[in-house]
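# Structural overview
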Amino acid sequence: MTDPTQANAPPPSGDAARLTQALRELHRRIGAGVLRSMQGGLQDHDLTFAQMMALHGLRAGAPLTVSALAAQTRLSLPATSHLVERLVRRGLAERRENPDNRREKLVAPTPAGLAVVSRMDTRFVEAYAGAFRSVPPPVLRAAADAVQALVADLPLPSSEDPS
């Protein structure tokens, strides 16, 4: 889905356009391997993409209300409720009453759910490591330094914002 706040944004120019183009080319070269790894992880754990997104969101911000999880995954409230029910039945998430509002339910990942996300993270990182295996160490160091500087200047995603 397209982020509606970005729908009418002007295309990047200057340095931002150069970086965007470089990242597009990087994605073109390694994206298939990373996506294959992700697909393998989904198949290994018999998860849908939406379930995987929900588990990642829960790991980042649990406990969440079903409404907050729906907003984060961009699913309807009924679809999110059904998704949570499937995760709970599989032992990957737990649902409990919100002590501040008894009409709301809070959802959090179980240790088994966190283990699934951790294994998927490992596969994802291994896919990148495999793609970078032939790159000379000085190039990798320079790239790591540049990406770390870039990440330091980016705002946190709203799901990770501590405020």
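Note that this is a predicted model, so its numbers are computed, not measured.

Counting secondary structure elements, the chain contains six helices and three strands. Starting at the N terminus and ending at the C terminus, the chain contains elements arranged as α-α-β-α-α-β-β-α-α. Expressed along its principal axes, the backbone C-alpha trace of the chain runs to roughly 55 × 35 × 25 Å. Expressed as a percentage of its 163 residues, the buried residues of the chain come to 23%. Considering only intrachain contacts with a sequence separation of at least 6, the fraction spanning at least 24 residues in the chain is 54%. Summed over all atoms, the accessible surface of the chain reaches about 11200 Å², with 58% contributed by carbon and sulfur. Averaged over its 19 positive side-chain charges, the chain has a centre that lies 6 Å from the centre of its 16 negative ones.

Spatial strand order, β1-β3-β2: three strands in an open sheet with antiparallel pairing. In this open sheet, the two strands that pair with only one neighbour each are β1 (64-65) and β2 (93-98). Taken together, the two bridges between β1 and strand β3 (residues 101-109) define a ladder with antiparallel strand orientation. Looking at the pairing, L64 lines up with V107 of β3. Helix-sheet contacts for helix α4 (residues 77-89) involve β2 and β3, and the interaxial angle to β2 is about 115°.

So, on to helix α3 (residues 66-73). Restricting attention to buried positions, one finds in α3 the residues V66, L69, A70 and T73. Down the axis of α3, the sector holding all buried residues measures 105°, keeping them to one side. Trailing α3 by a residue or two, R74 shows a phi angle of about 60°, which is positive.

Let us look at the packing of aromatic side chains. Under the defined criterion, the tally for this structure stands at two aromatic pairs. With a centroid separation of 5.9 Å and an interplanar angle of 40°, the aromatic rings of Y128 and F132 are classed as tilted. With Y128 and F132 both in helix α5 (residues 111-132) and four residues apart, the pair spans about one turn of that helix. Cluster of aromatic residues (ring-pair linked, three or more members): F124, Y128 and F132.

Here we come to the packing of helix α2 (residues 49-61) against α4. At a minimum axis separation of 10 Å, α2 and α4 run at an interaxial angle of 80°. What the angle tells us is that α2 and α4 run roughly perpendicular. Contacts between α2 and α4 involve A50, Q51, A54 and L55 from the former and L83, R86 and L87 from the latter. Here the residues of the contact of α2 with α4 are counted per class, giving five nonpolar, one polar and one charged.

Definitions and limits used
- Residues numbered from 1 in each chain as written.
- Predicted model: local features only at pLDDT ≥ 70, side-chain atom pairs only at ≥ 80, totals over all residues.
- Heavy atoms only, no water.
- Helix = DSSP H or I, 4+ residues; strand = E, 2+ residues; numbered from the N terminus.
- Buried < 20%, exposed > 50% of the residue type's maximum accessible area, 1.4 Å probe, protein only.
- Contact = heavy atoms within 4.5 Å.
- Areas by Shrake-Rupley, 256 points an atom, 1.4 Å probe, with all protein chains shown as cover.
- Lys, Arg positive; Asp, Glu negative; His and termini not counted.
- Charge placed at Lys NZ, Arg CZ, Asp CG, Glu CD.
- Pairing = 2+ DSSP bridges.
- Axes fitted to C-alpha atoms, helices over the stretch in contact; angles between N-to-C directions.
- Arc of directions from axis to C-beta.
- Phe/Tyr/Trp six-rings, centres within 6.5 Å; stacked < 30°, edge-to-face > 60°.
- Parallel < 35°, antiparallel > 145°, perpendicular 65-115°, else oblique.
- Nonpolar A, V, L, I, M, F, W, Y, C, P; charged D, E, K, R; others polar.

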